[in-house]
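Inside the fold
Single-letter residue listing:
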Amino acid sequence: MRIEHLRQRLRALGANPRHEQRVLRLWSQALPQDAGRRQVEHFLPATLVAALPALAEELAGLAVLRSEHPGEDGSARLLVALADGQTVESVLLPRDGLCVSTQVGCAVGCVFCMTGQGGLVRQVGSAEIVAQVALARTRRVVKKVVFMGMGEPAHNLDNVLEAIDLLGTVGNIGHKNLVFSTVGDPRVFEALPQGRVKPALALSLHTTKAGLREQLLPRAPRFTPEALVDAGERYARATGYPIQYQWTLLEGINDGDDEIEGIVRLLHGKYAILNMIPYNTVDDLPYRRPSWAQAAEIARRLHRRGILTKLRQSAGQDVEGGCGQLRARAEKPARRTIPLRAQGTPSA
């Protein structure tokens, strides 16, 4: 379901724009439709009042908790069933954050990510994206939403932007606390500045070498690292939010001295934060995470060179819940093993 389709249904039930916004506000904030001091019969159309119980039940069924996997870091991985039985992952993050999925599966095929191993199954509708937020809010406070779960948001752009618009208005999430994460796509840099809600932007960089990036992200648009950073810098200056560059740290692949030099060359003087995340090991894939001490030393070296670097622990390490692993265990899709290549060696 898309939010626009939901709006059309509300209008058909006699809702005016204020009634429509009220229903969407209460739903997105996980509040009952009869919340408030006044009885709904006193200000909503009778046809809408009569339909509210069934509508609320339908909205609750858009995202249903199938299983929860608490982590020692305060996070919780949620396996969420959609109305058609497909599943996605959401992650309750420490400090009132939530990571949501925008696709069932993913077409980008990042070689270190379990989500991409089974390909793209279908898009997640904008109402299903917001429903993940509403579900999470039944469990804890949510003040930040990051679109970094299963899927590539740029490949489902209309639905994601529709969800961002709702969450950034009646959903009561600050614009800079909505974070659009992408491998980089020209459509993103065209569309995001035009919205009334302009989210923060996270760009998956992972390496400063064009050939290696093509190997790691085989079906991403052919942005060179330099072009990606240039596009990100323009958006950062236009919105006033620093770009978050994502770097999944893979032992022996993108953790060498040459990459440190490349990061300094690319990001020095840019309005940017480098989020360095040691790899969340996935069964049957050959990639490994470096030691925390090694990762911390890389971050220190970058700090000394003037690069604002945040070394982050991938949430849910202790429950093996990252990168589509929960869904993979539940659905058991076919897996393919990708051979490990030496650092910087381009694919054949």
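To start, this report covers the structure provided alongside it. (Residues numbered from 1 in each chain as written. Predicted model: local features only at pLDDT ≥ 70, side-chain atom pairs only at ≥ 80, totals over all residues. Heavy atoms only, no water.)

What follows covers the side chain of Asp185. Relative to the elements of secondary structure, Asp185 occurs in the loop between strand E8 (178-182) and helix H6 (186-191). Within the structure, Asp185 has its side chain in polar contact with the side chain of Arg187 (distance 2.8 Å). Setting aside chain neighbours within four positions, we find Asp185 in contact with Ala154, His155, Pro221 and Phe223. (Helix = DSSP H or I, 4+ residues; strand = E, 2+ residues; numbered from the N terminus. Polar contact = N/O pair within 3.5 Å; in protein donor to acceptor, adjacent residues only side chain to side chain. Contact = heavy atoms within 4.5 Å.)

What follows covers the nonpolar core. In this structure, Trp27, Val145, Phe147, Leu201, Tyr245, Leu274 and Leu302 are the most contacted members of the largest nonpolar core, which totals 78 residues. Setting aside anything within four residues of it in sequence, one finds Val145 in contact with Leu98, Val100, Val133, Leu167, Ile173, Asn177, Leu178 and Val179. By size, the runner-up hydrophobic cluster in this structure holds 18 residues, among which are Cys106, Met114, Ile253 and Val282. (Core = buried A, V, L, I, M, F, W, Y, C linked by side-chain atoms within 4.5 Å. Buried < 20%, exposed > 50% of the residue type's maximum accessible area, 1.4 Å probe, protein only.)

What follows deals with helix H3 (residues 46-60). Along its 15 residues, H3 runs 22 Å from first to last C-alpha, staying within 8% of the 21 Å computed at 1.5 Å per residue. Of all the bends in H3, the greatest reaches close to 45° and is centred on Leu52; the proline Pro53 follows between one and four positions later. Every buried residue belonging to H3 is among Leu48, Val49, Leu52, Leu55 and Leu59, and all of these are buried. Tucked into the core, H3 has its buried residues touching helix H1 (3-12), helix H2 (17-28), strand E1 (63-70) and helix H4 (126-137). (Expected span 1.5 Å × (residues − 1). Bend = angle between axes of the 7 residues up to and from the residue.)

With that settled, the discussion passes to the pairing of strand E10 (residues 243-249). Among the seven residues that make up E10, seven are buried, leaving the element largely enclosed by the rest of the structure. Burial along E10 is two-sided: the face carrying Ile243, Tyr245, Trp247 and Leu249 and the face carrying Gln244, Gln246 and Thr248 are both buried. Note: strand E9 (residues 200-204) against E10, three bridges, orientation parallel. Looking at the pairing, Ser204 lines up with Gln246 of E10. (Pairing = 2+ DSSP bridges.)

Another point: unusual backbone geometry. Although it is not a glycine, Asp96 adopts a positive phi angle of roughly 65°. Locating Asp96 in the fold gives a position in the loop between strand E3 (87-93) and strand E4 (97-99). In this model, His206 sits at a positive phi of 70°, which is unusual for a non-glycine residue.

Approximately 240 Å³ is the volume attributed to the second largest pocket. As for the second largest pocket, its lining consists of Trp27, Ala30, Leu31, Gln33, Ala56, Leu59, Ala60, Ala63, Ala131, Ala134, Leu135 and Thr138. Taken together, the elements giving at least two residues each to the lining of the second largest pocket come down to H3 and H4. (1 Å grid on protein atoms, 1.4 Å probe; cavity = no way out; pocket = protein on both sides within 12 Å on 5 of 7 lines; lining within 4 Å. Points joined across faces, edges and corners; volume = space filled by probe spheres on them.)

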